[in-house]
Amino acid sequence: MWAITCDPGIDDAVALAVAAGEPEFAVAAIVAASGNVPAGTAWRNAVGMAALLGLRVPVGIGAEVSLDGTRIMRGPTSHGADGLGGLAMRLPVHQGAPADGAPLVRGDVVATGPLTEV
């Protein structure tokens, strides 16, 4: 069982799809933190990707700032404002508040994004 920490932009969405399609890679939880996009957007993308891929796992929200407490600076990027190149609106919509991500990260971890939750 693996916990995945990510900041779902396009690259992490692909990584989640690969993990979901690998039978020997059991995803136990996903934690989405700030990186390519703010933490709230990353969480929304992670929840939508999990639903799209049939992953029935908890999805937590991680840090909005770096480990030293400074704000993460972003510039123009190919990920776009929604992190998914304008396609986030096509993901399944989740109603509800995100869980705190820190308690979800236990045991083996795959980090495709910031390491603030590890």
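Residues numbered from 1 in each chain as written. Predicted model: local features only at pLDDT ≥ 70, side-chain atom pairs only at ≥ 80, totals over all residues. Heavy atoms only, no water.

Let us look at helix 1 (residues 10–21). Here helix 1 is twelve residues long and its end C-alpha atoms lie 17 Å apart, about the 16 Å a rise of 1.5 Å per residue gives. Close packing links the buried residues of helix 1 with strand 1 (2–6), strand 2 (27–32) and helix 2 (39–53). (Helix = DSSP H or I, 4+ residues; strand = E, 2+ residues; numbered from the N terminus. Expected span 1.5 Å × (residues − 1). Contact = heavy atoms within 4.5 Å.)

Here the focus is the environment of Ala 46. Mapped onto the elements, Ala 46 comes out in helix 2. Residue class for Ala 46 comes out buried when judged on its relative accessible area of 0%. In this structure, the C-alpha to C-alpha distance between Ala 46 and Val 31, residues 15 residues apart in sequence, is 8.0 Å. Excluding anything up to four places from it in sequence, Ala 46 contacts Pro 8, Ile 30, Ala 32 and Val 59. (Buried < 20%, exposed > 50% of the residue type's maximum accessible area, 1.4 Å probe, protein only.)

Attention shifts here to the packing of aromatic side chains. What characterises a pair of aromatic rings is the spacing of the ring centres plus the angle enclosed by the ring planes. If you walk through the whole model with that rule in mind, you get one aromatic pair. Here Trp 2 and Phe 25 contribute two aromatic rings whose centre-to-centre distance is 5.4 Å and whose plane-to-plane angle is 10°, an arrangement assigned as stacked. With Trp 2 in strand 1 and Phe 25 in the loop between helix 1 and strand 2, this residue pair connects regions lying 23 residues apart in the sequence. A residue is classified by how much of its surface remains accessible, and Trp 2, at 29% relative accessible area, is partly exposed. (Phe/Tyr/Trp six-rings, centres within 6.5 Å; stacked < 30°, edge-to-face > 60°.)

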